[in-house]
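Listed here are the chains, written in short residue letters.
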Amino acid sequence: MPKNTQSFLDPRSPLVLDTRELPRRPGAMRTVDRVVKAPSDLGLELIGVPEGADLRLDLRLESVSEGVLVSGTVDVPVTGECGRCLRPISDSVVVNIQELYAYAHSTTDETTDEDEIGRLQGDLIDLEPAVRDAVVLELPTNPVCRADCPGLCPECGGLLDDLPADHHHEQVDPRWAALSQLNNEGD
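Residues numbered from 1 in each chain as written. Predicted model: local features only at pLDDT ≥ 70, side-chain atom pairs only at ≥ 80, totals over all residues. Heavy atoms only, no water.

For the structure shown, the criterion picks out seven salt bridges. Here Arg132 ties to Glu128 by a salt bridge, and the two come within 2.7 Å at their closest N and O atoms. Taken together, the positions of Arg132 and Glu128, both in helix α2 (residues 128-138) and four residues apart, correspond to about one turn of that helix. By relative accessible area, which is 22% here, Arg132 ends up partly exposed. (Salt bridge = Lys/Arg side-chain N within 4 Å of Asp/Glu carboxyl O. Helix = DSSP H or I, 4+ residues; strand = E, 2+ residues; numbered from the N terminus. Buried < 20%, exposed > 50% of the residue type's maximum accessible area, 1.4 Å probe, protein only.)

Side chains of Trp176, Leu179 and Leu182 sit close together on the surface and give an oily, nonpolar patch of about 350 Å² of accessible area. Its location among the elements puts Leu179 in helix α3 (residues 177-185). (Patch = residues over 30% accessible without salt bridge, like charges linked within 9 Å, V, L, I, M, F, W, Y side chains within 5 Å. Areas by Shrake-Rupley, 256 points an atom, 1.4 Å probe, with all protein chains shown as cover.)

Let's shift gears to the state of the cysteines. This model, assessed by the stated rule, comprises zero disulfides. As a non-bridged cysteine, Cys82 has Cys85 as the owner of its nearest cysteine sulfur, 3.7 Å distant. With no disulfide of its own, Cys149 lies closest to Cys85 among cysteine sulfurs, the gap being 3.6 Å. Judged by its relative accessible area of 5%, Cys149 falls in the buried class. (Disulfide = S-S within 2.5 Å.)

Printed below as a string of structure tokens:
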């Protein structure tokens, strides 16, 4: 049964790698060290990679019998806001990538589902899905500006870092409010 044909890749796209210079014999290898612009929507709700930010790719493309093994690191800047105090966060994350891209009509190509592994399209590799998966899995779902961030006061919304140590709010249970009025009349 023939596989679904994928959309054609643009060789000028920053996260598309050209393997024409990589011989198709196991053990052949070349490195890719480049800076590319980040695609849109690379992240989570509170933290992510700004669109157009520089991604540093430090990769190794290795010919194996069934395809091309891409491994290495991607260094990405991340921005967002603290999930506790809403202060801005600016940091960088280094993620590891290791992904096999199967040659067309190889045993791996013929025996795996379309979404199990990557596929070469001619001599081109679309690295964006692997980068997206690696980066998003590395990001915290509830980012914090620092591990001991106390957050915001639940009553007034002030930053607990900026409030005095004895900061508190008088809590009166509405069911006892009438009795507290009696106590105030005695003063």
